[in-house]
Amino acid sequence: MLMKHANAGLTKAELAGIGNGEVAYIRKIRTEDVSRCFPEAPDIEPGVDLWALFGADGTPILLTDNRSSTFFKAAEDELKTVSLH
């Protein structure tokens, strides 16, 4: 109940902006989703394990085949990271 009341005054844009520039999330991404999230990425063969770093608002930051690279990029940009499953 408390969360419902607390979120009632936020617009979608305001909610998306929380943590923007401070928080990023790391997510394993399927090759089928690459072109949707990273339209400028080259074609990638199916079945490759990829990792993506996104800003708190969902802005794509980095696409890599090395999970550690996402943490290095986040640290370089002074972002706190969270993982999504």
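Residues numbered from 1 in each chain as written. Predicted model: local features only at pLDDT ≥ 70, side-chain atom pairs only at ≥ 80, totals over all residues. Heavy atoms only, no water.

## Here we look at the nonpolar core
The nonpolar side chains of a soluble globular protein tend to be buried, and buried together.
Point 1. One finds Tyr-25, Ile-29, Val-34, Cys-37, Phe-38, Leu-50, Ala-52 and Phe-54 forming the largest nonpolar core, which totals 8 residues.
Point 2. Elements that contribute at least two residues to this core include exactly strand S1 (23-29), helix H3 (31-37) and strand S2 (50-55).
Point 3. For this core, the element with the most residues is S2, which contributes 3 residues.
Point 4. Discounting residues that sit within four places of it in the chain, Ala-52 has contacts with Tyr-25, Ile-26, Arg-27, Ile-29, Phe-38, Leu-62, Leu-63 and Thr-70. (Core = buried A, V, L, I, M, F, W, Y, C linked by side-chain atoms within 4.5 Å. Buried < 20%, exposed > 50% of the residue type's maximum accessible area, 1.4 Å probe, protein only. Helix = DSSP H or I, 4+ residues; strand = E, 2+ residues; numbered from the N terminus. Contact = heavy atoms within 4.5 Å.)

## Description of unusual backbone geometry
Point 1. Positive phi values are uncommon outside glycine, yet Glu-78 reaches one of about 55 degrees.
Point 2. Within the secondary structure layout, Glu-78 lies in the loop between helix H4 (67-76) and strand S4 (80-84).
Point 3. For Glu-78, a relative accessible area of 69% corresponds to the exposed category.

## A look at the environment of Glu-32
Point 1. Within the secondary structure, Glu-32 is located in helix H3.
Point 2. A C-alpha to C-alpha distance of 9.9 Å links Glu-32 and Asp-43, two positions 11 residues apart in sequence.
Point 3. A distance of 2.9 Å separates the side chain of Glu-32 from the side chain of Arg-30, its partner in a polar contact.
Point 4. Only 3.0 Å separates the side chain of Glu-32 from the side chain of Thr-31, close enough to count as a polar contact. (Polar contact = N/O pair within 3.5 Å; in protein donor to acceptor, adjacent residues only side chain to side chain.)

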